[in-house]
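The primary structure of each chain is shown beneath.
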Amino acid sequence: MPLKETVKSGVYDSSSTILNDHILELCLEQSVTYDRGVGFFASGWLKDAARGMKKFAEKGGKARWIASPKLSQADWDALMKGIRARDDDALKSALLKNIDNLQASMETDTLNALAWLIADGVIDFKLALPKADLAGGDFHDKFGTFIDENGDIASFNGSYNDSIQGNRNFESITVFCEWDGGPLKA
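Residues numbered from 1 in each chain as written. Predicted model: local features only at pLDDT ≥ 70, side-chain atom pairs only at ≥ 80, totals over all residues. Heavy atoms only, no water.

A.B. asks: For this particular structure, what's the right way to read the environment of Asp48?
C.D. replies: Along the polypeptide, Asp48 turns up in helix α2 (residues 44-48). Setting aside anything within four residues of it in sequence, one finds Asp48 in contact with Asn20, Asp21, Glu25, Ile164 and Asn167. (Helix = DSSP H or I, 4+ residues; strand = E, 2+ residues; numbered from the N terminus. Contact = heavy atoms within 4.5 Å.)

What follows is the structure, encoded as structure tokens:
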């Protein structure tokens, strides 16, 4: 099902929609590109998005995250392990041995799955540090863009972070779809 059949432009909030399940994960399932800027990323988010990320990876999807460097030590270590494994075949092979089922691995061995997703090039992370007048502050914006195999684009912005806590908070996102009148360009 293409993005056009998955999501419509509008404002969605967590009091009436499970944002991760009903918007983000469904869009991941249909997309081949996902660009995400987020103030806070925690690997626990992968547990909730496992189904969508599995289908995204199976399609050869490529995701790029820009995030604040405020990560847990365990998440930082998983990111670094994944980056090292890109150039270390033995480490990449060891990560892959622990991935029998990607969805199950994201749900039960989340840190290893995150490292593998990075090593395999499914996810690329960049950390953002504000400069100049914003030095000492945090990168705290939250936005995302999905592109499907047809080249259709849906994007969003709002308060939602990629964390388990983001699913517990009152959050909202505004979705913009090019087929609903939004002049989006990749």
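That was the structure; now back to the text.
A.B. asks: Is there a simple way to think about the pattern of salt bridges in this case?
C.D. replies: Opposite charge on two side chains makes pairing possible when the charged atoms of those side chains draw close. Throughout the structure, instances matching the rule amount to nine salt bridges. Put simply, Glu25 and Arg51 hold a salt bridge, and the shortest N to O gap is 3.6 Å. Of the two residues, Glu25 is situated in helix α1 (residues 19-30) and Arg51 in helix α3 (residues 50-58); the sequence distance between them amounts to 26 residues. Residue classification places Glu25 among the buried residues on the basis of a relative accessible area of 2%. Arg51 sits in the partly exposed class, given a relative accessible area of 33%. Ionic pairing is found between Glu58 and Lys54, a salt bridge with its closest N-O pair at 2.9 Å. In this pair, Glu58 and Lys54 are both assigned in helix α3, four residues apart and thus about one turn of the helix distant. For Glu58, a relative accessible area of 56% corresponds to the exposed category. Via salt bridges that share partners, Glu25, Glu29, Arg51 and Lys55 belong to a single interconnected network. (Salt bridge = Lys/Arg side-chain N within 4 Å of Asp/Glu carboxyl O. Buried < 20%, exposed > 50% of the residue type's maximum accessible area, 1.4 Å probe, protein only.)

A.B. asks: Got a minute to help me understand α3 in this structure?
C.D. replies: Side chains that are three or four residues apart share a direction in an α-helix, a result of its 3.6 residues per turn. Of all the residues in α3, the buried ones are Ala50, Gly52, Met53, Phe56 and Ala57. Projection of α3 onto a plane perpendicular to its axis shows the buried side chains occupying an angular sector of 160°, all on one side. Directly beyond the C-terminal end of α3, a positive phi value near 80° is found at Gly60. (Arc of directions from axis to C-beta.)

A.B. asks: So what exactly am I meant to see when it comes to the packing of helix α4 (residues 73-85) against helix α7 (residues 110-119) here?
C.D. replies: For any two helices packed against each other, the geometry is given by the interaxial angle and the distance between the axes. Where α4 contacts α7, the axes come no closer than 7 Å and their chain directions differ by 35°. The handedness of the crossing between α4 and α7 is right-handed. In this structure, α4 uses Ala74, Asp75, Ala78, Leu79, Lys81, Gly82, Ile83 and Ala85 to contact α7, whose residues at the interface are Leu111, Leu114, Ala115, Ile118 and Ala119. (Axes fitted to C-alpha atoms, helices over the stretch in contact; angles between N-to-C directions. Left-handed = near helix turned anticlockwise from the far one by under 90°.)

A.B. asks: Looking at this structure, how should I read the nonpolar core?
C.D. replies: Soluble, globular proteins show a tendency: their nonpolar side chains are buried together. Grouped together as the largest cluster of nonpolar side chains are 47 residues, with contacts concentrated most on Met53, Leu117 and Ile123. With seven residues, α7 is the single largest residue contributor to this core. Among all residues touching Met53, those that are not within four sequence positions of it are Leu28, Trp45, Leu46, Met106, Leu117, Val122 and Ile123. (Core = buried A, V, L, I, M, F, W, Y, C linked by side-chain atoms within 4.5 Å.)

A.B. asks: Please explain the packing of aromatic side chains as it appears in this structure.
C.D. replies: Two measures describe an aromatic ring pair: the distance that separates the ring centres and the angle between the ring planes. Using the criterion set out here, one finds seven aromatic pairs in the structure. Consider the rings of Tyr34 and Trp65, whose centres lie 5.5 Å apart with planes at 90°: the pair is edge-to-face. With Tyr34 in strand β2 (residues 31-38) and Trp65 in strand β3 (residues 62-67), this pair connects stretches of sequence that are 31 residues apart. Classification of Tyr34 as buried rests on a relative accessible area of 1%. When its relative accessible area of 0% is taken as the criterion, Trp65 is described as buried. Each ring, one from Phe41 and one from Trp65, has its centre 5.7 Å from the other, and the planes form 70°; the classification is edge-to-face. One end of the pair, Phe41, is in the loop between β2 and α2; the other, Trp65, is in strand β3, with 24 residues separating them in the sequence. With respect to class, Phe41 is no different from Trp65; both count as buried. A connected cluster of aromatic rings, assembled from ring pairs, spans Tyr34, Phe41, Trp45, Trp65, Phe125, Phe146 and Phe156. (Phe/Tyr/Trp six-rings, centres within 6.5 Å; stacked < 30°, edge-to-face > 60°.)

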